[in-house]
Amino acid sequence: MFLITQSVLLKIKLRFFAFIKKSVYALTYKKIIFAVIVKKNTQSIDLISLFCIVDIMLARATFNFWERANLQSLLGDYLLQRLQQDVEGTLQLRVFRCLRNAIIQGVLAPKTRLPASRDLAKEIKVSRNTVLSAYEQLRAQGYVEARTGQGTWIAEKIPESFLIKAENNICLTEENKQNESYNLSQRGSYLVGYSAASPYQWGAFVPGAPDVTEFPHHIFSRIQTRLSREPSVSQLIYSNEGGSIELRQALAEYLTIARSVQCDADQIIITEGTHQAIDLVSRTLSDLGDDVWIEDPAYWGIRNILRINGVHIRALPVDQHGIIPDLDVKESPKLIFVTPSHQYPLGSHLSLERRKQLIAFARQHKSWIIEDDYDSEFRFSGQPYPSLQGLEDDSPVIYMGTFSKTIYPALRIGYLVVPKKLFSPLRVAASELYRGGHLLDQTILAEFIREGHYEAHIRRMRLLYSKRHAFLVDLIHRHLGQNFLHEYNTAAGLHLILKLPSDSNDVLIAANALEKGVKVRALSQYYTKQYSTQHKGLLLGFACVNEQKILIAFGILLECLRDAGIQTLN
Ligand SMILES: Cc1ncc(COP(=O)(O)O)c(C=O)c1O
């Protein structure tokens with residue numbers, strides 16, 4: 001409450017300064033106009049104009065100084081308060097997050113100049129380098145712009161404005177104008193403040209992006225045209241059964257064969273992707289404050305959804321055998337989120353011994369394991385690892401899958417395979433929370449799978465991605481050396497980890513690469529504060545671009561690494 005009042009106060013004060021400043025300018029400008037109109041014929045016109053111009057310049061200088069000094073100390077107070085609340089991660093990360101929240105929430109308005117790093121550092125009692133790094137991270141993510149010789153300014157359009165484009169198009173009614181001044185809830189600001197979805201979803205080296213241009217759209221649209229001609233009533237009403245029965249049946253068949261999942265159609269609930277599946281599971285199977293385990297590092301999406309659902313997140317370390325479960329724990333976790341086939345983002349595979357340990361632990365503690373099997377179709381050598389869910393009969397495992405990687409992300413279709421006793425409550429919860437639909441799209445997808453196109457597409461993509469993967473691995477070997485390939489990397493998935501020296505600044509390197517048009521994500525940002533300073537690297541997605549583009553982007557990346565003082569082989 002106190003913090004909310006603080007930010008409102010800061011906003012009001014800043015707007016007040018802006019108002020006074022505008023008024024004084026307006027008065028002085030009026031003086032000029034008056035002089036020109038009324039004293040048109042007098043000889044003193046030039047002199048009066050000159051005085052007025054000097055007046056304006058003085059007013060500008062005074063206000064700029066006054067405004068900056070005020071902003072500096074107000075922002076200092078605001079940040080000090082926020083920093084006490086935000087304790088996760090390094091100091092630089094916390095300063096960055098607090099500033100980013102202030103920008104997102106409009107406390108710092110677009111086109112405002114930020115205080116000089118030295119001054120802000122003094123105000124909030126941190127080193128100047130900490131503030132400089134935070135400013136740098138803000139700049140890398142598009143929240144501020146550095147103008148040579150003129151300091152750092154809040155960008156006119158911050159990244160969020162691209163994410164909420166639709167809202168911007170709505171013309172402002174009176175009600176909307178009032179809503180603008182509302183403050184976000186604590187959890188709302190947390191979610192927005194920790195937002196990690198990148199505005200860049202395509203191109204070298206966006207991690208996790210499949211090559212959507214290779215999808216056989218002509219086949220899909222042929223099925224679409226045929227089935228859309230005369231849809232049945234049941235395809236046009238709300239979904240109450242956990243999704244289209246045709247898709248659930250097709251998936252049950254596919255998952256049994258391809259992923260060794262033990263299931264039939266009435267254990268499957270169709271969702272609008274993994275994010276919705278995580279939301280459904282965490283809301284219906286855990287309460288506020290319950291312990292939930294995730295891997296460290298982990299997919300940012302899991303962390304953010306769990307955070308807004310108010311559970312207590314415990315991040316457990318990962319090694320070459322996958323998550324290291326804390327078997328002597330006092331507080332049983334309600335949920336355990338894992339990526340057993342291909343740890344995200346590192347790439348290790350959960351060993352058989354750990355799989356058994358984890359299932360035994362979950363049975364004993366009445367926990368649910370949620371297996372995120374997001375990209376296991378893409379293993380380029382050897383057999384794919386079977387699912388954790390299918391390892392034992394009646395295991396406490398909820399299997400989670402998505403079509404985002406195998407078809408394309410915008411399809412927004414994912415699924416959960418739940419133990420029989422959970423199907424009915426989760427189906428009802430899904431219907432209550434999301435009021436599902438898109439049944440016709442799901443039936444079209446089912447037909448696409450049933451006719452064999454889905455598996456054929458996966459086979460073709462596996463081959464294509466395997467070539468791109470090999471090409472990138474070869475470039476890394478030749479230009480950087482074996483040590484730059486993370487030891488948990490396997491020939492699988494849609495990205496790999498380029499390992500960097502632990503004293504390098506992967507966030508800064510990623511920012512520099514982005515400036516040159518190469519999109520990579522910093523590995524350290526996938527870790528919690530405990531480990532983020534130790535593990536440096538870059539996630540390089542290789543799936544969505546051809547070899548020629550990989551080559552060009554890799555050349556640019558090498559330049560960025562050299563600029564950061566990292567030695568390359570040639
Ligand atoms: C670990 C992990 N799980 C799931 C997903 C897919 O999420 P969705 O199905 O919501 O597209 C991703 C996407 O990048 C991911 O990295």
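All of these numbers come straight from a predicted model, not from anything done at the bench.

### Observations regarding the packing of helix 3 (residues 91–104) against helix 9 (residues 186–193)
Between helix 3 and helix 9, whose axes approach to 9 Å, the crossing angle comes to 110°. In terms of orientation, helix 3 and helix 9 fall into the roughly perpendicular class. In the packing of helix 3 onto helix 9, the handedness of the crossing is right-handed. Side by side, helix 3 and helix 9 meet where Arg 97, Arg 100, Asn 101 and Ile 104 of the first sit next to Ser 189, Val 192 and Gly 193 of the second.

### Some words on the site of the ligand
The environment of the ligand is formed by 13 residues, the closest being Gly 273, Thr 274, Tyr 374, Thr 402 and Ser 404. Here the residues of the shell around the ligand sort into four nonpolar, eight polar and one charged.

### Re the sheet that holds strand 13 (residues 536–541)
Strand pairing in a sheet is mediated by backbone hydrogen bonds. Such pairs are either parallel or antiparallel. One open sheet accounts for three strands, arranged 11-13-12; its pairing is antiparallel. The sheet is open, and its two edges are formed by strand 11 (495–500) and strand 12 (521–522), each paired on a single side. Of the pairings in the sheet, the one linking strand 11 to strand 13 comprises six bridges and is antiparallel in character. By the bridge assignment for strand 13, Leu 500 is matched with Lys 536.

### Remarks on the pairing of strand 11
A regular strand places its side chains so that they alternate between the two faces of the sheet. Counting buried positions along strand 11 yields six of six residues, so the element is predominantly enclosed. Every second residue of strand 11 is oriented toward a common face, with His 495, Ile 497 and Lys 499 on one face and Leu 496, Leu 498 and Leu 500 on the other, all of them buried.

### Looking at the packing of helix 9 against helix 13 (residues 300–308)
Helix 13 packs onto helix 9 with a crossing angle of 170° between their chain directions and a minimal axis gap of 9 Å. When the axes of helix 9 and helix 13 are compared, the pair comes out roughly antiparallel. Taken together, the residues of helix 13 that come into contact with helix 9 (itself represented by Arg 187, Tyr 190 and Leu 191) are Asn 304, Arg 307 and Ile 308. Looking at the contact of helix 9 with helix 13 residue by residue, the class counts come to three nonpolar, one polar and two charged.

### Thoughts on unusual backbone geometry
The step from Ala 204 to Phe 205 runs through a cis peptide bond, and the omega angle for that step is -10°. Positionally, Phe 205 belongs in the loop between helix 9 and helix 10 (217–229). Of note, the bond from Asp 296 into Pro 297 is cis; its omega dihedral lies within 30 degrees of zero at 15°. Following the sequence through the fold, Pro 297 ends up in the loop between strand 4 (291–296) and helix 13.

### Overview of helix 12 (residues 274–285)
For helix 12, built from 12 residues, the straight-helix expectation of 16 Å at 1.5 Å per residue is met to within 8% by its first-to-last C-alpha distance of 16 Å. By the burial criterion, the buried members of helix 12 are Thr 274, Ala 277, Ile 278, Leu 280, Val 281, Ser 282 and Leu 285.

What counts and how
- Within each chain, residue numbers correspond to sequence positions counted from 1 in written order.
- For a predicted model such as this one, the threshold for reporting local features is a pLDDT of at least 70, and the threshold for listing and counting side-chain atom pairs is 80 or more; totals across whole chains, interfaces and linings nevertheless cover every residue.
- Angles shown run from 0 to 180 degrees and are taken between the N-to-C directions of axes, each axis being a line fitted to C-alpha atoms and, for helices, limited to the stretch in contact.
- Each helix corresponds to a stretch of at least 4 residues labelled H or I by DSSP, and each strand to a stretch of at least 2 residues labelled E; elements are numbered beginning at the N terminus.
- When describing relative orientation, an angle under 35 degrees is termed roughly parallel and one over 145 degrees roughly antiparallel, while 65 to 115 degrees is termed roughly perpendicular and anything else oblique.
- In this scheme the crossing of two helices becomes right-handed for a clockwise turn of the near helix relative to the far one and left-handed for an anticlockwise turn of less than a right angle.
- Contact definition: two residues whose C-beta atoms, as placed from backbone geometry, lie within 7 Å.
- Residue proximity rests on one test: whether the C-beta atom, placed from the backbone, lies within 6 Å of the molecule or strand.
- Three categories are distinguished: nonpolar for Ala, Val, Leu, Ile, Met, Phe, Trp, Tyr, Cys and Pro, charged for Asp, Glu, Lys and Arg, and polar for the others, with Gly belonging to the last.
- Strand pairing is assigned whenever DSSP detects at least two bridges linking the two strands.
- Remark: C-beta atoms are placed from the backbone, and a residue is labelled buried if 20 or more other C-beta atoms sit within 10 Å of its own, exposed if 12 or fewer do, or partly exposed between those counts.
- Expected span, for any helix, means 1.5 Å times one less than how many residues it has.

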